[in-house]
Amino acid sequence: MSTPVTALTSVTAADMTPAATPATLAERAYVELKRRIFNFEMMPGDRFSELELAQQVQVSRTPLRQALQRLQREGFMQVFPKSGWLVAPLDFDQFDELYDFRVLIECFAVRHLCEAEDRPGLKALAAIWLVPAAEREPDGRRVGQLDESFHSELVRASGNREMLRAHRDLTERIRIIRRLDFTKPRRVEVTYQEHAKILRAITQRRSDEAQRLLRSHIEQSKLEVRHITLDMLYRARNSAA
């Protein structure tokens, strides 16, 4: 049985303006609600009425409902007739499937990079990850963002637009746990070490080794997901506050 937690990422809410169209209001309500979920202001299991949320977000019920339905389709909210909306738990079994999908996409990308003649993105990645320990980014949240960019850049460099689109979608869905993972200092250190090894193997065009290292790296992240607890979420919320 999977264990429920919640969702998180970095989203900035836009300013509300009276002249905004209903579609714009729905978009802004969506961004604001997602920001609250990802910043732990709305925790897993929290229930809200539409009226309550409309007052908080300062929009009418119609654009709010559009925003909530969009979040529901994305798996961040659940609705219960006559009892309102619930911040959805996250399904660790689903995370396992997303991480397995990551392995397929990113290993394809690494194989392509090892074979490609032109690889302009590698230099920029090396400038971030192949640095002395004293020059590493100390902020775990920032490292989480850099980690996401590292993997996204590998896929982007493959030139496969459909894979990039799919990878962006799953990246959004696992961003929630990435942020928690990088609250642990040891994970920051390990990520630097493993990214460096992957980059060196790609640079030297050792495709099999690069794929093996990448697969091991993602599998370890997948295992770390299972260690996330509600207590970690609440501590992260207190830290963000």
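Residues numbered from 1 in each chain as written. Predicted model: local features only at pLDDT ≥ 70, side-chain atom pairs only at ≥ 80, totals over all residues. Heavy atoms only, no water.

### Considering the overall build of the protein
- In terms of helices and strands, the protein carries 10 helices and 3 strands.
- Order of helices (α) and strands (β) in the protein, N terminus to C terminus: α-β-α-α-β-β-α-α-α-α-α-α-α.
- Of all 241 residues assigned to the protein, the portion counted as buried reaches 47%.
- A separation threshold of at least 6 residues defines the contact pool for the protein, and within that pool the share at least 24 residues apart is 75%. (Helix = DSSP H or I, 4+ residues; strand = E, 2+ residues; numbered from the N terminus. Buried < 20%, exposed > 50% of the residue type's maximum accessible area, 1.4 Å probe, protein only. Contact = heavy atoms within 4.5 Å.)

### What about the pairing of strand β2 (residues 77-80)?
- Of the pairings in the sheet, the one linking β2 to strand β3 (residues 84-87) comprises 4 bridges and is antiparallel in character. Note on β3: the bridge partner recorded for V79 is W85.
- Once β2 ends, the chain turns through 3 residues before running back antiparallel as β3, passing K82 with a positive phi of about 70°. (Pairing = 2+ DSSP bridges.)

### Quick look at the confidence of the model for the protein
- Per-residue confidence for the protein gives a mean pLDDT of 85, with 85% of residues at or over 70.
- Taken as a whole, residues 1-20 scores under 50 in pLDDT and shows 67 contacts with residues more than four places along the chain or in a different chain. (pLDDT = per-residue confidence, 0-100.)

### As for the sheet that holds β3
- Pairing in this open sheet of 3 strands is antiparallel, and the strands run β1-β3-β2 from one edge to the other. Two strands bound the open sheet, and with one partner strand each, they are β1 (47-48) and β2.
- On the sheet, helix α3 (residues 61-73) packs against β2 and β3 and is oriented at approximately 115° with respect to β2. (Axes fitted to C-alpha atoms, helices over the stretch in contact; angles between N-to-C directions.)

### Overview of helix α5 (residues 121-129)
- Those residues of α5 that sit buried are L122, L125 and W129. Buried residues in α5, looked at end-on, bunch into an arc of 65°, giving them a common side. In α5, the exposed residues that point more than 90 degrees away from the buried face are K123 and A127. (Arc of directions from axis to C-beta.)

### Some thoughts on the nonpolar core
- Membership of the largest hydrophobic core comes to 63 residues, with the highest contact counts inside it found for L33, M42, M77, F95, I177 and I202.
- When residues of this core are assigned to their parent elements, the largest contribution, 11 residues, is made by helix α4 (residues 92-115). (Core = buried A, V, L, I, M, F, W, Y, C linked by side-chain atoms within 4.5 Å.)

### Details of the packing of α5 against helix α6 (residues 140-156)
- Two elements in contact, α5 and α6, have axes whose closest approach is 11 Å; the angle formed by their N-to-C orientations is 160°. The angle between the axes of α5 and α6 places the two elements in the roughly antiparallel class. The chirality of how α5 crosses α6 is left-handed. Together, G121, L125, I128 and W129 of α5 and V143, L146, D147, F150, E153 and L154 of α6 make up the contact between the two elements.
- Broken down by class, the residue content of the contact of α5 with α6 amounts to 7 nonpolar, 1 polar and 2 charged. (Parallel < 35°, antiparallel > 145°, perpendicular 65-115°, else oblique. Left-handed = near helix turned anticlockwise from the far one by under 90°. Nonpolar A, V, L, I, M, F, W, Y, C, P; charged D, E, K, R; others polar.)

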